[in-house]
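Here is how the chains run, residue by residue.
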Amino acid sequence: SVNQSSTMSDSSGASNSGGDSSKESSRCSTPVLDAYRSDRLRDKMRRRMESGDRWFSLEFFPPRTASGAVNLISRFDRMGSGGPLFIDITWHPAGDPGSDKETSSMMIASTAVNYCGLESILHLTCCNQSKEKITGYLAKAKHLGLKNIMALRGDPIGEDWEEEEDGFNYAIDLVKHIRSEFDDYFDICVAGYPTGHPEAESYEADLRHLKEKVDAGADFVITQLFFRPDTFLKFLDDCRAIGITCPILPGIFPIQGYQSLRQLVKLSKLEVPEEITQVIEPIKDNDAAIRNYGIQQAVEMCRVLLDSGKVPGVHFYTLNREVATMEVLRQLGLWIEDPRRPLPWAVSAHPKRKVEDVRPIFWASRPKSYIYRTQDWDDFPNGRWGNSSSPAFGELNDYYLFYLKSKSSKDALLQMWGEELQNEESVFEVFTCYITAQPNRCGHKVMCLPWNDEPLAPETNLLKDELEKVNRRGVLTINSQPNINGKPSTDPIVGWGPPGGYVFQKAYLEFFTSSENVTALLKVLKKYEPRVNYHIVNVNGRNLTNAPEMQPNAVTWGIFAGREIVQPTVVDPVSFMYWKDEAFALWIEQWGKLYEDESPSRMIIKYIHDNYFLVNLVDNDFPLENCLWQVIDDMFELLDAPPELHSEETV
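A quick note: this is a predicted structure, and the numbers were derived from the prediction, not measured. (Residues numbered from 1 in each chain as written. Predicted model: local features only at pLDDT ≥ 70, side-chain atom pairs only at ≥ 80, totals over all residues. Heavy atoms only, no water.)

1. Describing the sheet that holds strand β17 (residues 566-571)
Consider a sheet: its strands pair through backbone hydrogen bonds, and that pairing is either parallel or antiparallel.
Thinking step 1. Taking strand neighbours across the sheet as the criterion, the five strands line up as β9-β17-β16-β12-β11 in an open arrangement whose pairing is mixed. Strands at the two margins of the open sheet, each flanked by one partner only, are β9 (359-360) and β11 (484-488).
Thinking step 2. Here strand β12 (residues 502-505) pairs with strand β16 (residues 553-559) via four bridges, running antiparallel. Each residue of the ladder has a partner; that of Phe504, found in β16, is Trp557. (Pairing = 2+ DSSP bridges. Helix = DSSP H or I, 4+ residues; strand = E, 2+ residues; numbered from the N terminus.)

Here it is in structure tokens:
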């Protein structure tokens, strides 16, 4: 039940659900499919290796600024759509990495797991930190839903290494500590050095250290970058020869620029091979040429590694950029955007939400907000929504959390929604331009609304003509779905869940509209009962509904072989009252506040916020043609009729 937005499939990051068992295990596990299957990263790797299904993973570093955090989260959503097995987030001791700041390693990794649905590894370095501090970080990571740690020594703060009194001096100490304090809860990754660690006595001694780290409890190895495939393949053979049997993943660095290469080489104390410097030196001022060379070099290197039959997956150092890495993955055939979704909404990868398989439809375009407002729940609805007479939805006071913010800048929003509004019709026009994807009168395309931060979803395009018509007349739609009667679960537009199933939907429409319209609508709705359920509220909580005893109404369900009916989306009258607070507040928080305090534009938005109603309609007769457009037509017909046909009562 996607609404007017595509966030549903994308923001889960991992949207595959079908194919053979190996493909299923590649994406984030879904409650419907995987409630009883281990979703540990090491088990996902094992299943992929057994089936010969190659994977990729991506490394990012925490941004320096709050706006950088907003950009990075939208990058996670985009890069997550290609199906990485996991991502990892580096630990920056200088950036307060274990804090609640939006730029901290801990918060970025937590956001990737909870809000982007991505399996994530948090790096943790042990230099210059006490045991207590490290135990605190690990406990916090566990509480936030993080299940994987990359255990590293880290770099000394000054020139030379100084032993920490009550701390750890080597990564192996950290591995042992994680296992002794947290038993088997975390999957642990450690670093390997294909040419030996720069400080090791010898290459052989470094291999022995690596074996000790694995024997102490590490589950897999990711290597430092290298420039020739045979460097890695020799390292891999040497590791196997001394008895290291766990997965060893090559760290791939697509060269993206002269300066970034120099800096990385300096940090990792590596030599760049002659054959690379000869190509790069003459073109060092031409970024595009260097990037193209870097892409080709990375593709050729990965092909050799993958063709060797010894390398099950490749790990990319992205430097927080997407173009080069995505291009390499496309050329390798590893980037696979599967339009099907495990569930009709974006799943979270927090372990406690593993069984969650039902949500109210209202947050369809704002899944991150729903996850935020339900983060303190102890259990999540599974199988059915049940009677939610007291779901404690958290307040959403902080509209400026970096993962809830619009991706667009203030200037871009003003261009889309109007530097200056003339009247309510100016607002109708913004909604209409969003639906039609046509430029507004100033020539700017409206790519988002406060309730939908993405362009229209493919499913909503099925309703485009009708939506355009009603928005032009002030029925301002923020969520809708067509009725579906038994489409295959593999349908590219409305399908979800494992293959071989059938999906169903009741038509749904949610919109803001004026009190005059609502007065006419209530008269019209009398003749559509009990076929149409309605719920109409205003900002003050005026509440009109024919939902029987506030019971939830399933509006999306699926039938799959050998299991009970899955009903992932409901219209729940109790949750609607929590949603309406958020939906009304977005008028002011995201739109009104773009304008000066007493300005005419601000007053128009405030008028709509104070006087309009939020309406949801469900057509229960899903096998018949959707009647909701007829309901709206009848409403306008009544409004257009001579005044004597209207009775005096108003809402």
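2. As for the environment of Gly592
Thinking step 1. Tracing the sequence through the fold places Gly592 in the loop between α21 (573-591) and α22 (600-611).
Thinking step 2. Beyond its immediate sequence surroundings of up to four residues, Gly592 is in contact with Trp587, Arg602 and Ile605. (Contact = heavy atoms within 4.5 Å.)

3. Considering the pairing of strand β6 (residues 220-225)
Thinking step 1. A large share of β6 lies buried, amounting to five of its six residues.
Thinking step 2. Note: strand β5 (residues 187-192) against β6, four bridges, orientation parallel. Looking across to β6, one finds that Gly192 is bridged to Thr223.
Thinking step 3. Each parallel crossover has a hand, and the one from β5 via helix α9 (residues 203-215) to β6 is right-handed.
Thinking step 4. Strand direction decides the pairing type here: β6 and strand β7 (residues 248-252), joined by three bridges, are parallel. When the bridges of β7 are listed, Ile222 appears paired with Leu249.
Thinking step 5. Each parallel crossover has a hand, and the one from β6 via helix α10 (residues 229-241) to β7 is right-handed. (Buried < 20%, exposed > 50% of the residue type's maximum accessible area, 1.4 Å probe, protein only. Right-handed = clockwise from strand over helix to strand, strands pointing away.)

4. Details of unusual backbone geometry
Thinking step 1. Cis rather than trans, the peptide bond between Glu529 and Pro530 has omega equal to 0 degrees.
Thinking step 2. Locating Pro530 in the fold gives a position in the loop between α20 (515-525) and β14 (532-538).
Thinking step 3. Not every positive phi belongs to a glycine, and Asp96 is a case in point at roughly 50 degrees.
Thinking step 4. Mapped onto the secondary structure, Asp96 falls in the loop between β2 (86-89) and α6 (105-114).
Thinking step 5. At Ala437, a position not held by glycine, the phi torsion is positive, near 60 degrees.
Thinking step 6. Residue placement: Ala437 occurs in the loop between α17 (424-436) and α18 (458-461).

5. Things to note about a nonpolar patch on the surface
Thinking step 1. Together, Tyr502, Ile559 and Ile565 line one region of the surface with nonpolar side chains, adding up to about 290 Å² of accessible area.
Thinking step 2. Relative to the assigned elements, Ile565 resides in the loop between β16 and β17.
Thinking step 3. Take Ile565: its relative accessible area is 51%, and that puts it in the exposed class. (Patch = residues over 30% accessible without salt bridge, like charges linked within 9 Å, V, L, I, M, F, W, Y side chains within 5 Å. Areas by Shrake-Rupley, 256 points an atom, 1.4 Å probe, with all protein chains shown as cover. Salt bridge = Lys/Arg side-chain N within 4 Å of Asp/Glu carboxyl O.)

6. Considerations on the sheet that holds β14
Thinking step 1. If you trace the five strands from one edge of the open sheet to the other, you get β10-β13-β18-β14-β15, paired in antiparallel fashion. Either end of the sheet is taken by a strand with one partner, and the two such strands are β10 (476-481) and β15 (543-545). Neighbour-to-neighbour, the strand axes of the sheet open up by a mean angle of 10 degrees, direction not taken into account. (Axes fitted to C-alpha atoms, helices over the stretch in contact; angles between N-to-C directions.)

7. Considerations on the pattern of salt bridges
Thinking step 1. Across all of its chains, the model carries 43 salt bridges by this definition.
Thinking step 2. Of the charged contacts, one joins Lys140 and Asp100 as a salt bridge, the two residues approaching to 2.7 Å between their closest N and O atoms. Placement of Lys140 in helix α7 (residues 131-143) and of Asp100 in the loop between β2 and α6 is noted, with a sequence separation of 40 residues between them.
Thinking step 3. Exposure remark for Lys140: the relative accessible area of 23% places this residue in the partly exposed category.
Thinking step 4. Look at Asp100 and you get exposed, because its relative accessible area is 57%.
Thinking step 5. A single salt-bridge network, built from bridges that share partners, covers Arg40, Arg42, Arg179, Asp184, Asp187 and Asp219.

8. Some details on the confidence of the model for the protein chain
Thinking step 1. Chain-level statistics for the protein chain give a pLDDT mean of 88 and a share of 90% at 70 or above.
Thinking step 2. The least confident element of the protein chain, judged by mean pLDDT, is helix α1 (residues 7-10) at 33; the most confident is strand β18 (residues 613-619) at 98.
Thinking step 3. Below a pLDDT of 50 lies the segment residues 5-36, which in the model reaches 124 contacts outside its immediate sequence neighbourhood of four places, other chains included. (pLDDT = per-residue confidence, 0-100.)

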